[in-house]
Number of protein chains: 2
Amino acid sequence: MEKRKHDEKNKEEVVSKEEIRYKGKLFEVVSEPVEIDGKTFAFEKVRRSPGVRLIIGDGQGNIMLTREFRRELSEFDYRLPGGKVFDSLDEFNKFKQSKGNIIEKAKQAALKEAKEETGFAPDVLEHHSTSKLGATVEWDLHYFVGSVNRSQQGVQELETGENIKVVWFTEEEVKKLILESDKFSEERSVATLMRFLYRTETGVESIPKEEGHRLNRPFGIKRFK
Amino acid sequence: MEKRKHDEKNKEEVVSKEEIRYKGKLFEVVSEPVEIDGKTFAFEKVRRSPGVRLIIGDGQGNIMLTREFRRELSEFDYRLPGGKVFDSLDEFNKFKQSKGNIIEKAKQAALKEAKEETGFAPDVLEHHSTSKLGATVEWDLHYFVGSVNRSQQGVQELETGENIKVVWFTEEEVKKLILESDKFSEERSVATLMRFLYRTETGVESIPKEEGHRLNRPFGIKRFK
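Quick caveat, the model's predicted, so the values are computed rather than measured. Each chain carries its own residue numbering, running from 1 in the written order of its sequence. Whichever chain is written first becomes A and whichever ligand is written first becomes 1, with later ones labelled in order. The model is predicted, so local features are restricted to residues of pLDDT at least 70 and side-chain atom pairs to those at 80 or more, both for listing and for counting; the totals for chains, interfaces and linings are taken over all residues. Remark: hydrogens and water are excluded; side-chain values derive from all non-hydrogen atoms of the structure.

## Quick word on unusual backbone geometry
Residues and elements named next belong to chain A. Despite not being glycine, Lys99 shows a phi value in the positive range, around 55°. Under the DSSP-based scheme used, a helix requires at least four consecutive residues in state H or I and a strand at least two consecutive residues in state E, with every element numbered from the N terminus. Take Lys99: it is sitting in the loop between α2 (89–97) and α3 (102–118). The rule is simple: take the accessible area with a 1.4 Å probe, protein chains only, and divide by the maximum for that residue type; under 20% is buried, over 50% is exposed, in between is partly exposed. Owing to a relative accessible area of 75%, Lys99 belongs among the exposed residues under this scheme.

## A few points about the packing of aromatic side chains
Residues and elements named next belong to chain A. Any two of the Phe, Tyr and Trp rings considered here, Trp counted by its six-membered ring, make a pair once their centres fall within 6.5 Å; the pair's planes then place it as stacked at under 30 degrees, edge-to-face at over 60, or tilted in between. Taken as a whole, this structure holds 12 aromatic pairs over all chains when the rule is applied. Summarising the aromatic geometry, the rings of Phe86 and Phe92 are spaced 5.5 Å apart at their centres and angled 40° between planes, so their arrangement reads as tilted. Both residues of the pair, Phe86 and Phe92, belong to the buried class. Through a chain of ring-to-ring contacts, the aromatic side chains of Phe86, Phe92 and Phe95 assemble into a single cluster. Directly above the ring of Tyr198 sits Lys175, whose terminal nitrogen or CZ lies 4.6 Å from the centroid. By definition here, charges over rings are those cases where NZ of Lys or CZ of Arg is within 6 Å of the ring centre and within 35 degrees of the ring normal.

## Some details on the nonpolar core
Think of a nonpolar core as a cluster: buried Ala, Val, Leu, Ile, Met, Phe, Trp, Tyr and Cys residues, connected wherever their side-chain atoms sit within 4.5 Å. Grouped together as the largest cluster of nonpolar side chains are 58 residues, with contacts concentrated most on Leu65 of chain A together with Leu65 and Phe184 of chain B. Contacts are assigned to residue pairs that have any heavy atoms within 4.5 Å of one another. For Leu65 of chain B, the contacting residues outside a window of four places in its chain are Tyr78, Arg79, Leu80, Lys165, Val166, Val167, Phe169, Val174, Leu177 and Phe184 of chain B.

## Some points on the pattern of salt bridges
Residues and elements named next belong to chain A. Any carboxyl oxygen of Asp or Glu that lies within 4 Å of a side-chain nitrogen of Lys or Arg is treated as forming a salt bridge with it. This model, assessed by the stated rule, comprises 32 salt bridges over all chains. The shortest N-O distance in the salt bridge between Glu116 and Lys112 comes to 3.3 Å. On the criterion of helical spacing, the pair formed by Glu116 and Lys112 is a turn pair, its members being four residues apart in helix α3. Taken together, the salt bridges that share partners define one network made up of Glu18, Glu28, Glu32, Lys45, Arg47 and Glu138.

## Quick look at the side chain of Ser49 of chain B
Residues and elements named next belong to chain B. Mapped onto the elements of the fold, Ser49 is located in the loop between β4 (39–48) and β5 (51–57). Owing to a relative accessible area of 4%, Ser49 belongs among the buried residues under this scheme. Residue contacts for Ser49: discarding those within four places in its chain leaves Leu26, Phe86, Ser88, Leu89, Phe92 and Trp139.

Below, the structure written as structure tokens:
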């Protein structure tokens, strides 16, 4: 009974709507009031418009990666083809207000990115998973899986300054490649590729969910003044 | 020769210092002018103060995870123990100006987090790797590896609302657990754990770096007006 009381006391609720503190082209920063133990805290959060990533096979055990330059690392590395779903955060917010289907919208963007970045047009794309980033940074990546015929590569349509090379690897090669952080650095794609590649090999044991209630560490919360 | 000319033309340079567009407790949004093909573009970027994560073993093949509630998913999941290095972005920026050693500073924070979150105080922590997030969101996570005696757990010192449970898993269990996105959702830690766990098993082949020059897709760049 004591525990239950404690859990009830710790109940966390979003007490009213978020306030926008900054609004740019790609990002907005919002402040969300959250009630913990009867006190209201301001929870600072960044929102970024979502992206898409593609896991494309050739039906013969190979996976397509792209080789690009990463400005923030001053290095080349391999990654999954992909890009953004909306040109700006404004468009994303309008889409959310219209209650559109984000997975369908992301799939269209993924098809477009596949054609432009790689020259390949998969007939069918299936939604694999959506990666959430964290409590304080909202930036979803929607992952899609498809298959293409390697002899049917069209012309890449790259943007100014883009130099993207398509490279095919066997699944075993990809498993090794993603272990090397300096060759494949986008770690959300590392996790998704691992989950995709090991999907049939591992009988994942079900770890039972336990009872209880716990509040996330509210990084940087502060009292309203 | 033609290719070389093209590469030179595509040279990308940060032409002057960044401008701060927003400054909050945890985040700042900056605009960085970047020159591509002789034109200057404003590159919008978010910066977050860095965090730490701990991979702690018991010397007997088990790894410590914590079980917590993820507000953004409304779900419990497992993660690596960890927290922040600085209480605010201001402190982080001051530290950078002082030219301090961020790995040493992060190690101290990791030790503090280990004690508070888990009740365990590892004698030695080794820096394993630092995860970079991406070109547009700067948010480093510093990973440390250590070892503790499982019979020497002290008292956790949790913050208001925190309910963190320490759970030990064998390495094989962790390998399965990180394949399940609803049980272990922090994907940067999935990638790091995978790289840690498979470190001795896989003879990683060296994939040669190729020549060439490529500019990263500058998400959301726009011309100065």
